[in-house]
Amino acid sequence: MSRNTGMATGFSEGLTDLRNNKAMLPVVALACSSHYEYAIEEFCLAKFKLDMEGLDQQHWCSWDDTVVSYLELTNCTFLVALKMNCFWPNRLVDEFFIRIHRHYFHDCSPTGRLLHDPPNRVLGPFIIVPVLVTLLMTALVVWRSKRSEGIV
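Residues numbered from 1 in each chain as written. Predicted model: local features only at pLDDT ≥ 70, side-chain atom pairs only at ≥ 80, totals over all residues. Heavy atoms only, no water.

Student: I would appreciate a short explanation of the UniProt feature "transmembrane region" (unreviewed entry) in the protein in the present structure.
Tutor: What UniProt calls "transmembrane region" (unreviewed entry) maps, in this numbering, to residues 122-143. Annotated as residues 122-143, this span is 100% helix and 0% strand, and its ends, taken at the C-alpha atoms, are 33 Å apart. (UniProt positions renumbered as here; feature names shortened; annotations may be inferred. Helix = DSSP H or I, 4+ residues; strand = E, 2+ residues; numbered from the N terminus.)

Student: What is the right way to read the packing of aromatic side chains from this model?
Tutor: Any two aromatic rings considered together are summarised by their centre-to-centre distance and by the angle between their planes. Within this structure, the stated rule accounts for 8 aromatic pairs. Ring geometry for phenylalanine 48 against tyrosine 104: centres 5.3 Å apart, planes inclined by 90°, an arrangement best described as edge-to-face. Taken as a pair, phenylalanine 48 in helix H2 (residues 24-54) and tyrosine 104 in helix H4 (residues 91-104) lie far apart in primary sequence, 56 residues in all. Taken individually, phenylalanine 48 and tyrosine 104 each receive the classification buried, so the pair is uniform in this respect. Seen from their ring centres, tyrosine 104 and phenylalanine 105 are 6.4 Å apart, and the 50° between their planes marks the pair as tilted. (Phe/Tyr/Trp six-rings, centres within 6.5 Å; stacked < 30°, edge-to-face > 60°. Buried < 20%, exposed > 50% of the residue type's maximum accessible area, 1.4 Å probe, protein only.)

Student: Is there a simple way to think about unusual backbone geometry in this case?
Tutor: Leave glycine aside and you will find that most residues have negative phi; peptide bonds, for their part, are mostly trans. A cis amide bond, omega -5°, links tryptophan 88 with the succeeding residue proline 89. Looking at where proline 89 falls in the secondary structure, it is placed in the loop between helix H3 (63-83) and H4. Within the chain, asparagine 85 stands out as a residue other than glycine whose phi angle is a positive 60°. Within the secondary structure layout, asparagine 85 lies in the loop between H3 and H4. For asparagine 85, a relative accessible area of 70% gives the class exposed.

Student: What's the story with the pattern of salt bridges in this structure? I'm lost.
Tutor: Note that side chains of opposite charge can pair when their charged atoms are close. The full count for this structure, using the stated rule, is 4 salt bridges. The partner of glutamate 41 in a salt bridge is arginine 99, with the nearest N and O atoms 2.4 Å apart. One end of the pair, glutamate 41, is in helix H2; the other, arginine 99, is in helix H4, and 58 residues separate them in sequence. Look at glutamate 41 and you get partly exposed, because its relative accessible area is 26%. In this structure, arginine 91 and glutamate 95 form a salt bridge, with 3.1 Å as the shortest nitrogen-oxygen distance. Of this pair, arginine 91 and glutamate 95 both sit in helix H4, separated by 4 residues, roughly a single helical turn. (Salt bridge = Lys/Arg side-chain N within 4 Å of Asp/Glu carboxyl O.)

Student: It is not clear to me how the state of the cysteines should be interpreted in this structure. Could you clarify?
Tutor: Think of a disulfide as a covalent bridge from one cysteine sulfur atom to another cysteine sulfur atom. Taken as a whole and assessed by the stated rule, the structure comprises 2 disulfides. In this model cysteine 44 forms its disulfide with cysteine 76; the gap between the sulfur atoms is 2.0 Å. Negative torsions about the S-S bond denote left-handed disulfides, and the value of about -80° found for cysteine 44 with cysteine 76 makes this one left-handed. You can see cysteine 44 sitting in helix H2 and its partner cysteine 76 sitting in helix H3, a full 32 residues away along the chain. With its sulfur 2.0 Å from that of its partner, cysteine 61 forms a disulfide with cysteine 108. Between cysteine 61 and cysteine 108, the S-S dihedral sits near -90°, and the bridge is therefore left-handed. Placement of cysteine 61 in the loop between H2 and H3 and of cysteine 108 in the loop between H4 and helix H5 (120-151) is noted, with a sequence separation of 47 residues between them. For cysteine 61, a relative accessible area of 16% puts it in the buried group. (Disulfide = S-S within 2.5 Å.)

Student: Whenever I open this one, the environment of phenylalanine 48 confuses me. Can you help?
Tutor: Note on phenylalanine 48: relative accessible area 2%, which makes it buried. Separated by 28 residues in sequence, phenylalanine 48 and cysteine 76 place their C-alpha atoms 10.0 Å apart. With near-sequence residues (within four places) excluded, phenylalanine 48 lies in contact with Ser69, Tyr70, Leu73, Ile100, Tyr104 and Phe105. (Contact = heavy atoms within 4.5 Å.)

Structure representation (structure tokens):
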């Protein structure tokens, strides 16, 4: 029983020390930040870069092509935070993913879909109909102007 009491007393003294020494708390947070940032850059980003370099740059905006790599990157940042006793998500993770998006996904549409032209069977009528209407109207104006010249 004295052993448990000693542990409780030691724990209470530790809390008292933490409360009295407020300068110690930011140091713990900063240590986590600098090491965590280095770890996610070295472990997580390195693999993501290799995965993205393996893709043609035209496929970077295709969610189907990048989803696995992106989820692995997200999971890696979480596992590193867990291993280092850091909170997740945190400010560093947010900044890290903003940098990732600015570099790899800056030209992508907000929906995440790869933009491309519609098939010719859809696009064709939108091109042909206005051209034919323009030609028909021109022919009608010319025909009408020749017809009215002889009547006067």
